[in-house]
Structures are given as C-alpha cells and as structure tokens.
Amino acid sequence: MTFGVTVSGTTLADVQAAINSLGANGGLVEVPAGNYAGNSPLTLTKSNITILGEGGDYDETSTLHAPTLFDVSSASCDGIQIGAQDRVICGVKIKDIGIKGNSAADASGIHGIYNAAANVFPARCLFDGVSAKGFANGHGIIFDFAVSTTCRRTNTSQNLYGIRVIGGTDYDFDGIISRSNGAYGLELEGFNGVSIRGGSVLESNQSSAILALLYDNAYNLFVENSWFENNNLVVTGTPYQIHVIARGGFLLQNGVIDKCNFADGHGSGDIYLDASRYIDIEHIRSTFSDPNILVKGPSSSQIRYNYSPF
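An account of the accompanying structure is given in this report. Everything numeric here is computed off the predicted structure, so don't read it as measured data.

### Brief notes about the overall build of the protein
Logical step 1: The number of helices and strands found in the protein is one helix and 30 strands.
Logical step 2: Looking at the protein residue by residue over its 310 residues, the buried ones come to 56%.
Logical step 3: For the protein, contacts bridging at least 24 residues in sequence account for 66% of all contacts bridging at least 6.
Logical step 4: In the structure as shown, the protein presents an accessible area of about 11700 Å², 48% of it carried by carbon and sulfur atoms.

Structure, rendered in structure tokens:
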C-alpha cells in the first residue's frame, strides 16, 4: 500500500497518476515547484488524500506567485474535482497550490475547486494556502453541501464569485483573501455555521463582499476581525458590502459582526440585513459618518448595535 508519493513528471496527468497510485486509504502526494498544465481536471475520489505543493499565492495586484501551479487555462475545465457519485469524501487536504483558469475563454460553470459529482458530501476538508484565479464565468472555490470545511490563507481573484457555499454546515474561513472578482467575494446560500475571521480581506469585488441568499433558514453567521474595502464597484441589486437577502419568508438566525473595518464602499452602505434576528453588530469602523446599516423585516428589533471603536 502506498502512503506517500512525489510527482515525478511535469503535467497535470503526472499529478493525477500519483494520486491514482495511492491506496484505498489515501495518502500524501507531494508536488514540487513547477507549472503543471493539463486539459482535464484533477479528480479526487478517495478520502484522506493530501496534496502538498510549495506555494500558491497572489500579491496585492493579483499577480501569481505560485511555485506549484495547476494550469488549466488552455482547457476550459475545472482545476480540481472532489468526489465520486453518491459518496462521502472525508479528510481531503490541499495545501500551497495555485490554480489558474482562462478568464477569457472559460465556459460557464467552470471552477477552480468543485465537488462536482451528484450526491457528493465532502467532510472535514482543509484548503490551506490555495489560490484560484481566472475562472471568470465560474467560481474560485465552490462547496456544495460540505461539512466541517476549513479555508485558511486561501486567495481567490478574478473569478465570477471568489467562493460560493451552497448548503452544508460548519465552514471556517480563516485569513482568506477574496478580491477583484466579477461579482461577489463570498456567496452563501443556506448554511448552518459560517465563520469569517482571522484578518480576512474582501476587497475590490464588483458587487457585495459577502452575499447571503436565504432560500432556506440559515444559522450562525460570524464575521470577525475582517476588512472590507472598495466593494460594489459596479453597483447592482446588492449594494451593501455585507448583504443578506431573504427569499420565501426564511430567516438568518444568530450571528455576530464584530471588529470589522468597512472602507470606501461604492454602494448604499456597509451592512444590509433582511429578515435576520439575534444578530450582534459591534465595534465597527466605517468611512461613513456612522456605519450605514439597514435592517428590514419583522425581526429588526432583535438586532443589537454597538459602534464603539476597538
């Protein structure tokens, strides 16, 4: 049984071969620095696989500095697909990898990382030091009903959405950067437990930094120690940097927005809460004279505010 391998070739096909060589219990694939180009996505269909590169970051101008780069820019395909149909995939870890799409040519629905197969439920996955850039008609990372997922030091840039969450529970976004995306930095659709923290930066996105669409009741949204700047460059129907929109009478229940900076938003204000209750908003700094917060719906009396400096 193989517990760990090092990629010996120079293409994504060589990376896939190393992944396929792992035993049923998964293992470690070390990917040395290099540009690994390919015409099809990497597929991870086993649990407990770790893919370890040597770096995959972008600088403040969204220029790629990724010693280990997975390049699908000539293929118009996903970068990494996680899962096989009707299977729970646990314990996948992707560390220090850059993923590059083709911002000009990618078709709609092409993403950097995606659990694409039907009825796939990733659980206890970690994405650490992962960057995804250039999926202009798709998303940098998309989570579809994942459980206990952590994104740490991820950097998503020049995608349609930086990160998209559809259902699932217990997402931890720690020190992420999501900038210069064509719509939202982070889009949430139905969830139970999302934490954005650790000095996360969401800036220069064409629409809201965070959009939460409530197609079902959502619970436990915590946004702490994060920076929001220069979002809503193209003002649309979601002109607030954090924008919660209820559909069909659903609610966002329980949450905290604390110790966050809001700077230079181009829309109507900082925070919009539609049909939300039991939310504490504390220690906010804003370039508005007061943080411009709009609360709509029958639960507005259940929002607490504290604008004191921190």
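### Examining the side chain of Asp-71
Logical step 1: In this fold, Asp-71 is placed in strand S8 (residues 68-71).
Logical step 2: No salt bridge is formed by the buried Asp-71; its nearest oppositely charged neighbour, Lys-100, is found at 4.7 Å.
Logical step 3: Polar side-chain contacts of Asp-71 include one of 2.6 Å to the side chain of Ser-73.
Logical step 4: In contact with Asp-71, other than residues within four places in its own chain, are Leu-12, Asn-35, Tyr-36, Ala-37, Gly-38 and Lys-100.

### Some points on unusual backbone geometry
Logical step 1: A positive phi is found at Ser-180, a non-glycine position, where the angle reads about 60°.
Logical step 2: With respect to the helices, strands and loops of the structure, Ser-180 is situated in the loop between strand S18 (177-179) and strand S19 (186-189).
Logical step 3: Overall, Ser-180 belongs to the partly exposed group, its relative accessible area being 31%.
Logical step 4: The backbone phi angle of Asn-230 is positive, close to 60°, even though this residue is not glycine.

### What about the pairing of strand S12 (residues 126-133)?
Logical step 1: The buried fraction of S12 is high, at eight of eight residues.
Logical step 2: Relative to S12, strand S10 (residues 93-100) is paired through seven bridges, and the arrangement is parallel. If you follow Ile-97 over to S12, its bridge partner there is Val-130.
Logical step 3: In this sheet, strand S14 (residues 147-152) lies alongside S12 in parallel orientation, the contact comprising three bridges. Bridge assignment links Leu-126 to a residue of S14, and that residue is Thr-150.
Logical step 4: Bridge count for S12 against strand S15 (residues 155-157) is three bridges, and the pairing is parallel. Paired with Lys-133 across the bridge in S15 is Ser-157.

### Some points on the pattern of salt bridges
Logical step 1: The full count for this structure, using the stated rule, is nine salt bridges.
Logical step 2: Close ionic contact of Glu-203 with Arg-179 constitutes a salt bridge, the shortest N to O distance being 2.9 Å. In this pair, Glu-203 is assigned in strand S21 (residues 201-203) and Arg-179 in strand S18, connecting sequence segments 24 residues apart. Residues Glu-203 and Arg-179 agree in their burial class; the two are buried.
Logical step 3: Among the salt bridges present, the one from Asp-258 reaches Lys-259, with a minimum N-O distance of 3.3 Å.
Logical step 4: Asp-258 sits in the buried class, given a relative accessible area of 10%.
Logical step 5: Look at the salt bridges and you will find they share partners, linking Asp-96, Asp-128, Arg-152 and Arg-153 into a network.

### Looking at helix H1 (residues 12-20)
Logical step 1: The complete set of buried residues in H1 reads Leu-12, Val-15, Gln-16, Ala-18 and Ile-19. Projection of H1 onto a plane perpendicular to its axis shows the buried side chains occupying an angular sector of 160°, all on one side. Facing away from the buried side of H1 by more than 90 degrees, the exposed set consists of Ala-13 and Asn-20.
Logical step 2: Those residues of H1 that are buried lie in contact with strand S1 (4-6), strand S2 (27-30), strand S3 (34-37), strand S4 (42-44), strand S5 (49-52) and S8.

### Brief notes about a nonpolar patch on the surface
Logical step 1: Together, Val-88, Phe-121 and Phe-145 give the surface a local cluster of nonpolar side chains, amounting to about 270 Å² of exposed area.
Logical step 2: By secondary structure assignment, the location of Phe-121 is in the loop between strand S11 (113-114) and S12.

### Comments concerning the packing of aromatic side chains
Logical step 1: Summed over the entire model, instances satisfying the criterion amount to seven aromatic pairs.
Logical step 2: Summarising the aromatic geometry, the rings of Phe-127 and Phe-143 are spaced 5.5 Å apart at their centres and angled 50° between planes, so their arrangement reads as tilted. Here Phe-127 is found in strand S12, whereas its partner Phe-143 is found in strand S13 (residues 139-144), with 16 residues between them in sequence.
Logical step 3: In textbook terms, an aromatic cluster arises when at least three aromatic residues are bridged by ring pairs, as seen for Phe-127, Phe-143, Tyr-171 and Phe-173.

### Things to note about the pairing of strand S27 (residues 269-274)
Logical step 1: For S27, the buried fraction is high: six of the six residues fall into the buried class.
Logical step 2: Pairing geometry for strand S25 (residues 240-246) and S27, over four bridges, is parallel. If you follow Val-244 over to S27, its bridge partner there is Leu-273.

### A look at the environment of Asn-39
Logical step 1: Residue placement: Asn-39 occurs in the loop between S3 and S4.
Logical step 2: On the basis of relative accessibility, which here comes to 64%, the residue Asn-39 falls in the exposed class.
Logical step 3: In this structure the C-alpha to C-alpha distance between Asn-39 and Ala-13, which are 26 residues apart in sequence, comes to 8.7 Å.
Logical step 4: In contact with Asn-39, other than residues within four places in its own chain, are Ser-74, Ala-75 and Cys-77.

Parameters and conventions
- Residues numbered from 1 in each chain as written.
- Predicted model: local features only at pLDDT ≥ 70, side-chain atom pairs only at ≥ 80, totals over all residues.
- Heavy atoms only, no water.
- Helix = DSSP H or I, 4+ residues; strand = E, 2+ residues; numbered from the N terminus.
- Buried < 20%, exposed > 50% of the residue type's maximum accessible area, 1.4 Å probe, protein only.
- Contact = heavy atoms within 4.5 Å.
- Areas by Shrake-Rupley, 256 points an atom, 1.4 Å probe, with all protein chains shown as cover.
- Lys, Arg positive; Asp, Glu negative; His and termini not counted.
- Salt bridge = Lys/Arg side-chain N within 4 Å of Asp/Glu carboxyl O.
- Polar contact = N/O pair within 3.5 Å; in protein donor to acceptor, adjacent residues only side chain to side chain.
- Pairing = 2+ DSSP bridges.
- Arc of directions from axis to C-beta.
- Patch = residues over 30% accessible without salt bridge, like charges linked within 9 Å, V, L, I, M, F, W, Y side chains within 5 Å.
- Phe/Tyr/Trp six-rings, centres within 6.5 Å; stacked < 30°, edge-to-face > 60°.

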